[in-house]
2 protein chains.
Amino acid sequence: MLLTIDDLNLAHQRIAGHVLRTPTLRHEIRDGLTVYAKAESLQTIGAFKIRGAFNMMLALGAEAEGVVAHSSGNHAQAVARAARELGLKACIVMPSNAPELKRQRVEDDGAEIVTVGPDSEERRVRAEELSAQRGWPLVPPYDHPLIAAGQGTAAIELIADAPTLDRFYCPISGGGLMAGCATAFAALSPRTQIIGVEPLAGDDTARSLAAGDRVTVAAPDTIADGLRVRTPGAWTWTVNRELVSRVVLVSDDELRDTICWAAQRLRVILEPSGAAALAAVRREGEGACGALLSGGNIDPAMLSAILA
Amino acid sequence: MLLTIDDLNLAHQRIAGHVLRTPTLRHEIRDGLTVYAKAESLQTIGAFKIRGAFNMMLALGAEAEGVVAHSSGNHAQAVARAARELGLKACIVMPSNAPELKRQRVEDDGAEIVTVGPDSEERRVRAEELSAQRGWPLVPPYDHPLIAAGQGTAAIELIADAPTLDRFYCPISGGGLMAGCATAFAALSPRTQIIGVEPLAGDDTARSLAAGDRVTVAAPDTIADGLRVRTPGAWTWTVNRELVSRVVLVSDDELRDTICWAAQRLRVILEPSGAAALAAVRREGEGACGALLSGGNIDPAMLSAILA
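Since this is a predicted model, take the numbers as computed values, not measurements. (Residues numbered from 1 in each chain as written. Chains lettered and ligands numbered in written order. Predicted model: local features only at pLDDT ≥ 70, side-chain atom pairs only at ≥ 80, totals over all residues. Heavy atoms only, no water.)

Q: So what exactly am I meant to see when it comes to the pattern of salt bridges here?
A: Any two side chains of opposite charge can pair, given that their charged atoms come close. Tallied over the full model, the rule gives 44 salt bridges over all chains. The salt bridge partner of A:Glu112 is A:Arg134, with a shortest N-O separation of 2.9 Å. Here A:Glu112, found in strand β5 (residues 112-116), pairs with A:Arg134, found in helix α5 (residues 120-134); they are 22 residues apart in sequence, far enough to count as distant. Classification of A:Glu112 by relative accessible area gives partly exposed; the value is 35%. Since its relative accessible area comes to 32%, A:Arg134 is described here as partly exposed. Salt bridges linked by common partners bring A:Glu28, B:Arg81, B:Arg84 and B:Asp109 together as one network. (Salt bridge = Lys/Arg side-chain N within 4 Å of Asp/Glu carboxyl O. Helix = DSSP H or I, 4+ residues; strand = E, 2+ residues; numbered from the N terminus. Buried < 20%, exposed > 50% of the residue type's maximum accessible area, 1.4 Å probe, protein only.)

Here's what the structure looks like:
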């Protein structure tokens, strides 16, 4: 095992007091299908990413005056917020096509933003340069055991709230959230089937599982801005290839429809990526299904248009 | 004391397992003002009303095959849902101007709906008739100690999450939620100032406090459909006149603006009544302020228009 339940339990202790114990929202979708939605959209900063950021930054200790990160959005907010609360500086490399709302929030938390092109590889390289120049550690968005351990604490809470899930649906981008959550389910609820969810246009993990090795796809054209990573993380892949039983692909139309559904039925606001797991449950779920609602940071204009 | 913390603690034990332990969402609004929002909008049925309904129906026991209730919306859903889960029939008297979404949900839970005119007095009379005819107990929307004790359990949880509140803001319609919550604060956090919130057009409690006796206002013209009661409850008034320090009035524009603000900052969907306490905190709050977000059942078309 590359990541253990002990790592997750330690992370859970470490970040307690810094993150919200989000609720599990139970809803009977139809006869024979009940969803248990772990609403990380309600997390501080509106996304699960704060769990991993706090876990890694607390584990690192105060070895430098600042940290560097690269992200299209929610990880950027997470590192900026955790740095502010821990009294550290933060330098965040963001793509030029990041949602304005997510950029603004990073600025509001006092972080320095460095803007690069839309490619995720480009921002990774720039962040590594900045980290080396300043001597500030890099807090990676997903491809690190401390990040995945932090994200997996959401699954520990979900399992405590809903101990008899038949299936667990979780979005996969770089794979850190899934690697952590899958580790939790494998240890604490081994009978639960672990199912990944990706947008149709960003099916790199689905293709990688089919090929038996990491595949890189073209820059995904999807409204799910948090799921536009082009290839699984090198490390997260080693966990997820063992623990994820299959991947469901969802369309942008399904994401829009699920944002409306969640607004009416669960009274939560989801960003497109945050609706992915729930969209998959609505289409093909059976029995008791966990769904990880990963984030809720959506521009009001987009939300209004989707609800209209 | 007409209602005691022992009544509330008993209610809390009774309804545990039937209702959601909703989260308290913390957000720094500005320097020197942090809100602790008790998100009852995320409660099953999307409103705090399920707490009081379960408390009274569980306390009554299985003395009849059904129950009767009258409500403009959320209390109707609460009684219909609790009846379904407890294996009872439910007959709900609703006004002709109740939001379609709220009507539909009551039907979905299998309750019988009897439609009357928009006046709250008319539906109360009709419900009492039906209760007498069928021998089914009436579950009143607010004016009963068992209902108020159930609603007050929300404040017990809020105080556990945020034990050092300077102020607590809570909407007042018939006054059951406030009577229960005020009783909790008086016992568990006596230094917290207890502040009621009403719509400008439905200021019956504000006028009653000024007059020293219950005042009846004209049918309130406000988007806050949950706060259109015309006079304080006879029993709730006896509690609230002692414990509520003052009432803040909010405009429909402030409610709309706060629905948008909550969508972006807290990622929750609020109905107009559910935004009232938060609107008051945003305008005049200082220090650490609790706000009870009472409900999240809003028609998608109205929400889309407000967010646009």
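Structure shown, so let's carry the discussion forward.
Q: Can you walk me through the sheet that holds strand β4 (residues 89-95) of chain A in this structure?
A: What links the strands of a sheet is backbone hydrogen bonding, and the strands pair in either a parallel or an antiparallel sense. Residues and elements named next belong to chain A. Spatially, β3-β4-β5 is the arrangement adopted by the 3 strands of the open sheet, whose pairing is parallel. Only two strands of the sheet have a single partner each, and these edge strands are β3 (66-70) and β5. Taking each pair of neighbouring strands and ignoring which way they run, the sheet shows an average axis angle of 15°. Pairing of β4 with β5, which is carried by 5 bridges, proceeds in the parallel orientation. Paired with Val93 across the bridge in β5 is Val114. This element, helix α3 (residues 74-86), spans β3 and β4 of the sheet and lies at about 170° to β4. (Pairing = 2+ DSSP bridges. Axes fitted to C-alpha atoms, helices over the stretch in contact; angles between N-to-C directions. Contact = heavy atoms within 4.5 Å.)

Q: In this structure, what is going on with the relation of the copies chain A and chain B? I would like to understand it.
A: Between the two copies of the chain lies a rotation about an axis combined with a shift along it. Aligned on chain B, chain A shows an RMSD of 0.0 Å; the corresponding rotation is 180° and the shift along the axis is 0.0 Å. With respect to symmetry, the two chain copies, as superposed, fit the operation of a two-fold axis. Interface overlap between copies: 100% of the residues of chain A at the interface are likewise at the interface in chain B, consistent with a symmetric, same-surface contact. (Least-squares fit on C-alpha atoms with pLDDT ≥ 70 in both.)

Q: I tried to follow the interface of chain A and chain B on my own but got confused; where do I start?
A: By a widespread convention, an interface's size corresponds to the accessible area lost as its parts come together. Listed by partner, the interface residues are 29 residues for chain A and 29 residues for chain B. Where chain A touches chain B, the interface holds 2 salt bridges. Where B:Arg84 meets A:Glu28, a salt bridge forms, and the shortest distance between an N and an O atom there is 3.3 Å. The interface formed by chain A and chain B contains 11 residue pairs in polar contact (both at pLDDT 80 or more). When residues of the side of chain A that touches chain B are traced back to their parent elements, those giving at least two are β1 (24-30), α3, α4 (100-108), α10 (252-265) and α12 (300-307) of chain A. With 4 residues, the single largest contributor to the side of chain A that touches chain B is α12(A). Class assignment for the residues of the side of chain A that touches chain B results in 14 nonpolar, 9 polar and 6 charged. (Polar contact = N/O pair within 3.5 Å; in protein donor to acceptor, adjacent residues only side chain to side chain. Nonpolar A, V, L, I, M, F, W, Y, C, P; charged D, E, K, R; others polar.)

Just geometry here; none of it tells us what the structure is for.
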